[in-house]
Amino acid sequence: MKKIAIALFLILVTVSVSAQNTSVSLGPIIGFAKGADTEGSVTYSGALRINLGGFGVEGSIGYQSDSYTESELTTKSYPIMLTAQMNLISVLYGQAGIAWYNTKIDFKDPLTNVTRNESQNKVGYHAGVGAQLDMGSYILTGDIKYIFLDLELDSLLDIKDAKSNYSLMSVGILLKL
């Protein structure tokens, strides 16, 4: 019972401190994505974030390109993400969301040695943690997310268990509107 009372108290303090931080903000976000089978790449996106006290919603549209280390395969993705956020304490938040990935895949066919391309549209999911600092007219933000994306890469090349899931670390400056 004591643990429940302490948890409720911490939630109320977080919500009351966060209630003062209601805002709408817009800005660029840059990140670094790294999957188990990729070399890693810089990502670019624009985001619109609505903070509603202890909760928030962020929509973003981005670009990322990956090269797979074991083959001659590259992907270019344009993720459209919708992320829900819940403040854990005044500057830290947990997040989870859904995204639509329009991905162009370029690869060299091993049988014909001809470069081919294919497009895939997939829904992916993500979860992570982040921090934001309210600096008056803008917000500094940083996130670490894990992206669950199941591109069908195994059938394109002779790749055993190619993984398209990845981690994303990002930072951004969001201007309050």
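Quantities reported herein were computed from a predicted structural model and do not represent experimental measurements.

Visitor: Hey, could you run me through the pattern of salt bridges in this one?
Guide: Should the charged atoms of two oppositely charged side chains come close, the side chains can pair. On inspection of all chains with the given rule, the structure shows three salt bridges. Glu58 is the salt-bridge partner of Arg49, the closest N and O atoms lying 2.5 Å from each other. The residues Arg49 and Glu58 share a single accessibility class, namely buried. With its nearest N and O atoms 4.0 Å apart, the salt bridge here joins Asp106 to Lys104. Using a relative accessible area of 17% as the deciding quantity, one classes Asp106 as buried.

Visitor: Would you explain the packing of aromatic side chains in this entry?
Guide: Ring pairs (aromatic) are described by centroid distance and by the angle formed between their planes. Applying the stated rule across the entire model yields two aromatic pairs. Ring geometry for Tyr63 versus Tyr78: centroids 5.3 Å apart, planes at 50°, classification tilted. With Tyr63 in strand β3 (residues 55-68) and Tyr78 in strand β4 (residues 73-87), the pair connects residues that are 15 residues apart, well separated along the chain. For Tyr78, a relative accessible area of 42% puts it in the partly exposed group. When the centroid spacing of 4.9 Å and the interplanar angle of 70° are considered together, the rings of Tyr146 and Phe148 count as edge-to-face. Here Tyr146 falls in the partly exposed class, since its relative accessible area comes to 34%. Exposure remark for Phe148: the relative accessible area of 42% places this residue in the partly exposed category.

Visitor: Even after reading the chapter, I still don't get the nonpolar core, so can you show me in this structure?
Guide: Within soluble globular proteins, side chains that are nonpolar tend to cluster in buried spots. Membership of the largest hydrophobic core is limited to nine residues, which are Ala33, Met81, Ala99, Tyr101, Ile147, Leu149, Leu151, Tyr166 and Leu168. Those elements that provide at least two residues to this core are β5 (92-108) and β8 (166-176).

Visitor: Can you walk me through the side chain of His126 in this structure?
Guide: Secondary-structure assignment places His126 in strand β6 (residues 115-134). Judged by its relative accessible area of 2%, His126 falls in the buried class. A polar contact is formed between the side chain of His126 and the side chain of Thr83, at a distance of 2.7 Å.

Visitor: Help me understand the side chain of Glu58, please; the structure alone is not making it clear to me.
Guide: Mapped onto the secondary structure, Glu58 falls in strand β3. Within the structure, Glu58 has its side chain in polar contact with the side chain of Arg49 (distance 2.5 Å). Apart from the residues within four sequence positions on either side, Glu58 is in contact with Ile29, Ala47, Leu48, Arg49, Met81, Leu82, Thr83, Gln85 and Lys145.

Visitor: I tried to follow empty space enclosed by the protein on my own but got confused; where do I start?
Guide: Leftover empty space is mapped by rolling, across the atoms, a probe with the size of a water molecule. With the rule as written, the count across this model stands at two cavities of 30 Å³ or more. If you add up the space inside the largest cavity, you get close to 150 Å³. Looking at the largest cavity, it is lined by 18 residues, and the ones nearest its centre are Thr43, Ser45, Ser60, Met81 and Leu168. By residue number, the principal contributor to the lining of the largest cavity is β3, which donates six residues. Its residues assigned to classes, the lining of the largest cavity shows eight nonpolar, seven polar and three charged. Estimated volume of the second largest cavity: approximately 70 Å³. Mapped by element, the contributors of at least two residues to the lining of the second largest cavity are β3, β4 and β5.

About the thresholds
- Residue positions within a chain follow its written sequence, with the count starting from 1.
- In keeping with the model being predicted, local features are shown solely for residues with a pLDDT of at least 70 and side-chain atom pairs are shown and tallied solely at 80 or more, while totals for entire chains, interfaces and linings include all residues.
- Only hydrogens and water are set aside when side-chain values are computed; all heavy atoms of the structure are taken into account.
- The salt bridge definition used is simple: a Lys or Arg side-chain nitrogen within 4 Å of an Asp or Glu carboxyl oxygen.
- Residue exposure (1.4 Å probe, protein chains only): buried if accessible area is under 20% of the type maximum, exposed if over 50%, otherwise partly exposed.
- Put simply, two rings from Phe, Tyr or Trp (the six-membered ring, in Trp's case) pair if the centres are within 6.5 Å, and we call them stacked under 30 degrees between planes, edge-to-face over 60, tilted for the rest.
- Put simply, DSSP marks the helices as runs of H or I at least four residues long and the strands as runs of E at least two long, and each gets a number from the N terminus on.
- For the purposes of this section, nonpolar cores are sets of buried Ala, Val, Leu, Ile, Met, Phe, Trp, Tyr and Cys residues that join through side-chain atoms within 4.5 Å.
- Any pair of N or O atoms that falls within 3.5 Å is considered a polar contact. Within protein, one atom must be able to donate a hydrogen and the other to accept it, and sequence-neighbouring residues count only if both atoms are side-chain atoms.
- Any two residues whose heavy atoms approach within 4.5 Å are treated as being in contact.
- Points on a 1 Å grid over protein atoms alone make up a cavity when a 1.4 Å probe fits among them but cannot get out, and a pocket when they form an open set with protein on both sides within 12 Å along at least five of seven lines; lining residues each have an atom within 4 Å of a point.
- Grid points are joined across faces, edges and corners, and a volume is the space filled by probe spheres set on the points.
- Gly is put with the polar residues, along with every residue not named as nonpolar or charged; the nonpolar set is Ala, Val, Leu, Ile, Met, Phe, Trp, Tyr, Cys and Pro, and the charged set is Asp, Glu, Lys and Arg.

As far as function goes, none of this settles anything; it's purely spatial.
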